[in-house]
Amino acid sequence: MGSGDEDEVLAGFRRSIDNIDAALVHMLAERFRITQSVGRYKAQSDLPPADPAREKEQIARLRKLAEASNLDPEFGEKFIRFIIDEVIRHHQNARDN
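Residues numbered from 1 in each chain as written. Predicted model: local features only at pLDDT ≥ 70, side-chain atom pairs only at ≥ 80, totals over all residues. Heavy atoms only, no water.

(A) Spatial organisation of the overall build of the chain. Counting secondary structure elements, the chain contains 3 helices and 0 strands. For the chain, the α and β elements follow one another from N to C terminus as α-α-α. In summary, the chain has a C-alpha radius of gyration of 19 Å against a globular reference of 13 Å for 97 residues, an excess of more than 25%. C-alpha atoms of the chain, sized along the principal axes, occupy 65 × 30 × 15 Å. Here the chain holds 97 residues, and 21% of them are scored as buried. (Helix = DSSP H or I, 4+ residues; strand = E, 2+ residues; numbered from the N terminus. Rg over C-alpha atoms; globule rule 2.2 N^0.38 Å. Buried < 20%, exposed > 50% of the residue type's maximum accessible area, 1.4 Å probe, protein only.)

(B) Spotlight on the packing of aromatic side chains. One pass over the structure, following the stated rule, counts 1 aromatic pair. Between F75 and F79, the ring centres sit 6.2 Å apart and the planes meet at 20°, which makes this aromatic pair stacked. Of this pair, F75 and F79 are both found in helix α3 (residues 73-96), 4 residues apart, which corresponds to roughly one turn of the helix. For F79, a relative accessible area of 38% gives the class partly exposed. (Phe/Tyr/Trp six-rings, centres within 6.5 Å; stacked < 30°, edge-to-face > 60°.)

(C) Expanded view of helix α2 (residues 52-68). If you check α2, its first and last C-alpha atoms are 24 Å apart, about what 17 residues at 1.5 Å a residue would give, namely 24 Å. For α2, the complete set of buried residues consists of E55, Q58, I59, R63 and A66. The buried residues of α2 all sit within an arc of 135° when viewed along its axis, so they share a single face. Among the exposed residues of α2, those pointing more than 90 degrees away from its buried face are E57, K64 and A68. Where the residues of α2 are buried, they touch α3. (Expected span 1.5 Å × (residues − 1). Arc of directions from axis to C-beta. Contact = heavy atoms within 4.5 Å.)

(D) Examining the nonpolar core more closely. Formed by F32, I59, I80, I83, I84, V87 and I88, the largest nonpolar core amounts to 7 residues. A total of 5 residues in this core trace back to one element, the largest contributor, which is α3. In this structure I80 touches R31, I59 and L62, once residues within four positions along its chain are discounted. (Core = buried A, V, L, I, M, F, W, Y, C linked by side-chain atoms within 4.5 Å.)

(E) Quick look at a nonpolar patch on the surface. Together, V9, L10, F13 and I17 give the surface a local cluster of nonpolar side chains, amounting to about 390 Å² of exposed area. Inspection of the secondary structure assignment puts I17 in helix α1 (residues 8-44). Given the relative accessible area of 46%, I17 is considered partly exposed. (Patch = residues over 30% accessible without salt bridge, like charges linked within 9 Å, V, L, I, M, F, W, Y side chains within 5 Å. Areas by Shrake-Rupley, 256 points an atom, 1.4 Å probe, with all protein chains shown as cover. Salt bridge = Lys/Arg side-chain N within 4 Å of Asp/Glu carboxyl O.)

(F) Inspection of the packing of α2 against α3 at higher detail. At a minimum axis distance of 8 Å, the contact between α2 and α3 shows a crossing angle of 145°. Handedness of the α2/α3 crossing: right-handed. Only P73, E74, E77, I80, R81, I84 and I88 of α3 make contact with α2, whose side of the interface consists of E55, I59, L62, R63, A66 and E67. Looking at the contact of α2 with α3 residue by residue, the classes come out as 7 nonpolar, no polar and 6 charged. (Axes fitted to C-alpha atoms, helices over the stretch in contact; angles between N-to-C directions. Left-handed = near helix turned anticlockwise from the far one by under 90°. Nonpolar A, V, L, I, M, F, W, Y, C, P; charged D, E, K, R; others polar.)

Function-wise, these values are silent; they only describe arrangement.
Structural data, given as C-alpha cells:
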C-alpha cells in the first residue's frame, strides 16, 4: 500500500468511531436538556443543587454497568463524575439566577 492508498479496514473502523462519537454527543445534549429542567425545578422548589446520596447511588450503579460491559470502572466513575459535576454547576447557576 502506498502513501496515497487508504486502508479500508482502518477507514471502516474510523467511520464506526465517528458514528459512535456523534451518538454520544447527541445523548449528552439530551441528558443536559433534561438536567437543565431539573435545575430549574430545584431552583423553583428551593431544593439543593446537589444530592450526594443520589450521586453515590448513580456512581455505584454505573460502576457495575461498566464492569458488566468490560469497561474500566475507574474510567466509568471519572466519566460520570465529570458529568455530575457539570450538572451541579448548572443547577447552582439556575438557583443563583
